[in-house]
Amino acid sequence: MTKHRVVSPFLLLLIVTLFLTGCSGWDPKESETLSQEATQTINNFLQKDPGLQRFIDEAYGYAVFPTVGKGAIGVGGAYGKGQVFERKRAIGTSKLVQVTIGFQWGGQAYSEIVFFEDKASLDRFKSGNLEFSAQASAVAITLGASATADYENGVAVFTMTKGGLMYEASVGGQSFSFEAY
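These notes cover the structure that comes with them. (Residues numbered from 1 in each chain as written. Predicted model: local features only at pLDDT ≥ 70, side-chain atom pairs only at ≥ 80, totals over all residues. Heavy atoms only, no water.)

A look at the pairing of strand β1 (residues 61-86)
Within β1, 20 of the 26 residues are buried, which leaves it mostly tucked inside the rest of the structure. What sits between the antiparallel neighbours β1 and strand β2 (residues 89-116) is a turn of two residues, in which R87 has the positive phi angle 50 degrees. (Buried < 20%, exposed > 50% of the residue type's maximum accessible area, 1.4 Å probe, protein only. Helix = DSSP H or I, 4+ residues; strand = E, 2+ residues; numbered from the N terminus. Pairing = 2+ DSSP bridges.)

Set out below in structure tokens:
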């Protein structure tokens, strides 16, 4: 009798995530598309909550993830690619990866903007040292949501659901990579 080894869902998700995050290099055409999507995402956020303009105007920098795909069946994962801005000028791209374990099921797509209050918080992000803890949360964008939002440890995060079966503003366990242009 032959024994078959079964790969755990967590290990499979981890392998797929590592494969996706390591497969793409810089492509000028992809960069142009990402830039257009980032601009449209900012406009979509501002349409939902014009008060967000305060963060765009005052932030030292920000990372815009036009689409983050998230799925889970017990073990969950999310992935998105975004554009990073310093003083409103595009300086590179970023990949967002999230792996979660727990009672969860479903899938969704959402947009995310991470604002950096100062140079130190943007530098922490660019060096790969920004990782959200399990307790971190984001402000789900609605009219007026930005009025009471503020920075926590130099970072403010906003999300906007695009569609799917999950609704949450959790960003716990997210990690980022940065690639300069």
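Observations regarding the pairing of strand β4 (residues 155-164)
The pairing of β2 with β4 spans nine bridges and is antiparallel. By the bridge assignment, A109 is partnered in β4 with G163. In terms of strand pairing, strand β3 (residues 139-140) meets β4 through two bridges, oriented parallel. Bridging from a neighbouring strand, V139 pairs with F158 of β4.

Section: the pattern of salt bridges
For the coordinates displayed, the defined rule picks out four salt bridges. A salt bridge links K88 to D57; its shortest N-O distance comes to 3.3 Å. Taken together, the positions of K88 in the loop between β1 and β2 and D57 in helix α3 (residues 53-58) put the pair 31 residues apart, joining distant regions of the chain. Judged by its relative accessible area of 48%, K88 falls in the partly exposed class. Measuring nitrogen to oxygen at the nearest pair gives 2.9 Å for the salt bridge that ties D123 to K119. Here D123 and its partner K119 are both found in helix α4 (residues 119-126), four residues apart, which amounts to about one turn of the helix. Among the charged side chains, a network of salt bridges with common partners joins E86, K119, D123 and K126. (Salt bridge = Lys/Arg side-chain N within 4 Å of Asp/Glu carboxyl O.)

Purely geometric stuff here, so don't read any function into it on its own.
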